[in-house]
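Structural overview
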Amino acid sequence: MFDAGYICKKIYKAVYLVRLIGKSLDPVAYIHIKAGRGAFVEANELYEQFAKIKWNTPLSTADLEISLDESLAENVLKIEFVEDFFDDETGRTNKYPVHEEDSVIFF
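Residues numbered from 1 in each chain as written. Predicted model: local features only at pLDDT ≥ 70, side-chain atom pairs only at ≥ 80, totals over all residues. Heavy atoms only, no water.

**Points about the layout of surface pockets**
Put simply, the rule reads: Points on a 1 Å grid, built from protein atoms alone, make a cavity when a 1.4 Å probe fits but cannot get out and make a pocket when they are open with protein on both sides within 12 Å along at least 5 of 7 lines; residues with an atom within 4 Å of a point are the lining residues. Grid points are joined across faces, edges and corners, and a volume is the space filled by probe spheres set on the points. Secondary structure follows DSSP: runs of H or I at least 4 residues long count as helices, runs of E at least 2 residues long count as strands, and numbering of each begins at the N terminus. Three classes are used: nonpolar for Ala, Val, Leu, Ile, Met, Phe, Trp, Tyr, Cys and Pro, charged for Asp, Glu, Lys and Arg, and polar for all others, with Gly counted as polar.
What the largest pocket holds in volume is close to 150 Å³. Lining the largest pocket, in full, are Tyr16, Arg19, Leu20, Ser24, Leu25, Asp26, Pro27, Val28, Pro58 and Leu59. Per-element tally for the lining of the largest pocket: the top contributor is helix α1 (residues 4-22), with three residues. Class assignment for the residues of the lining of the largest pocket results in seven nonpolar, one polar and two charged.

Quick look at the structure:
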């Protein structure tokens, strides 16, 4: 059963742990996620629910970037990495991987 609220809370927790472990206080720009077909079909619901959950939190600047991955089972999401905003001084963005045990979400 697809529960966008549950899934978004799992995404939030995994990304928040990445930020704590990395000791980064930079705002998060994007959370890159690969989705099996079932989750990809429900992407709009995930976008809406995540917008509600992130409000007034350290992840309030983050947006989800969800792409279809046919190699994943229909009921699987995998958080690939977290990306900061472009840094004008360094000319790059920082990307932080998500630990394997936190990156895969089954529903």
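Don't stop here, the text continues.
**Looking at helix α3 (residues 43-54)**
This is how the line gets drawn: Given a helix with a known number of residues, its expected span is that number minus one, times 1.5 Å. Buried residues are those whose accessible area, probed at 1.4 Å on protein chains only, stays under 20% of the maximum for their type, while exposed residues exceed 50% and partly exposed ones sit between those limits. Our arc is simply the arc of the directions from the helix axis toward the C-beta atoms.
An ideal rise of 1.5 Å per residue puts 16 Å on twelve residues; α3 measures up with 16 Å between its terminal C-alpha atoms. Here α3 has its buried residues at Ala43, Leu46, Phe50, Ile53 and Lys54. Down the axis of α3, the smallest arc covering the buried residues is 85°, so these residues share one side. Along α3, exposed side chains directed more than 90 degrees from the buried face belong to Asn44, Glu48 and Lys52. One or two positions beyond α3, positive phi appears at Asn56, with a value near 60°.

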